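# Chain and residue survey
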Amino acid sequence: MDDAFAFIGNAFGEFIRFIVDGLIGFFANIGEAARSFMQGLSGSLGIPLTLINLVVLVIGLWLLWKGLAALMRRALVATLIWWLLGVTVLSWLIN
């Protein structure tokens, strides 16, 4: 009887270890994928990979998005203003 419970406990422990090892590998690969994506993005834009540059990039893209939203509302003057601001901010990064 003890052998049956030992077998069940062993199988359950192996199953838990399999799940944990799989999750560790999954999350380790997500971190590596995010790191590679950020390095590729900064390399193609020609900017160093710093937090300040990423924040400015996000602000510039947000301004362009606001311009697109204004275009959808058919506010052409607001669209031009948002896009001008977005391009100005992004031009600070990209030389």
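Residues numbered from 1 in each chain as written. Predicted model: local features only at pLDDT ≥ 70, side-chain atom pairs only at ≥ 80, totals over all residues. Heavy atoms only, no water.

## Description of the side chain of N53
- Along the chain, N53 falls in helix α2 (residues 51–72).
- Look at N53 and you get buried, because its relative accessible area is 15%.
- In terms of polar contacts, N53 uses its side chain to reach the side chain of T50, at 3.3 Å.
- With residues up to four places along the chain from it excluded, the contact list for N53 reads I47, P48 and L93. (Helix = DSSP H or I, 4+ residues; strand = E, 2+ residues; numbered from the N terminus. Buried < 20%, exposed > 50% of the residue type's maximum accessible area, 1.4 Å probe, protein only. Polar contact = N/O pair within 3.5 Å; in protein donor to acceptor, adjacent residues only side chain to side chain. Contact = heavy atoms within 4.5 Å.)

## Notes on the confidence of the model for the protein
- Mean pLDDT over the protein stands at 91; residues scoring 70 or higher make up 98%.
- Averaged pLDDT values over the elements of the protein bottom out at 89 in helix α1 (residues 2–45) and peak at 94 in α2. (pLDDT = per-residue confidence, 0-100.)

## Focus on a nonpolar patch on the surface
- Side chains of F12, F15, I16, F18, I19, V20, L23, I24, F26, F27 and I30 sit close together on the surface and give an oily, nonpolar patch of about 1100 Å² of accessible area.
- Within the secondary structure, F27 sits in helix α1. (Patch = residues over 30% accessible without salt bridge, like charges linked within 9 Å, V, L, I, M, F, W, Y side chains within 5 Å. Areas by Shrake-Rupley, 256 points an atom, 1.4 Å probe, with all protein chains shown as cover. Salt bridge = Lys/Arg side-chain N within 4 Å of Asp/Glu carboxyl O.)

## A few points about α2
- The terminal C-alpha atoms of α2, which comprises 22 residues, lie 31 Å apart, in line with the 32 Å expected from a rise of 1.5 Å per residue.
- Listing the buried residues of α2 in full gives N53, L57, G60, L63, G67 and A70. End-on, the buried residues of α2 take up no more than an arc of 145 degrees, which puts them together on one face. Facing away from the buried surface of α2 by more than 90 degrees, the exposed residues are L51, V58, W65 and M72.
- Turning to α2, the residues buried within the fold contact α1 and α3 (76–93). (Expected span 1.5 Å × (residues − 1). Arc of directions from axis to C-beta.)

## Quick notes on α3
- In a regular helix each residue adds 1.5 Å, so 18 residues correspond to 26 Å; α3 covers 26 Å between its end C-alpha atoms and thus fits that length.
- Among the residues of α3, T79, G86, V89, L90 and L93 are the ones counted as buried. The buried residues of α3 occupy one face: seen down the axis, they fall within an arc of 105 degrees. Among the exposed residues of α3, those pointing more than 90 degrees away from its buried face are V77, L80, L84, V87 and W92.
- Of the surrounding secondary structure, the elements contacted by the buried residues of α3 are α2.

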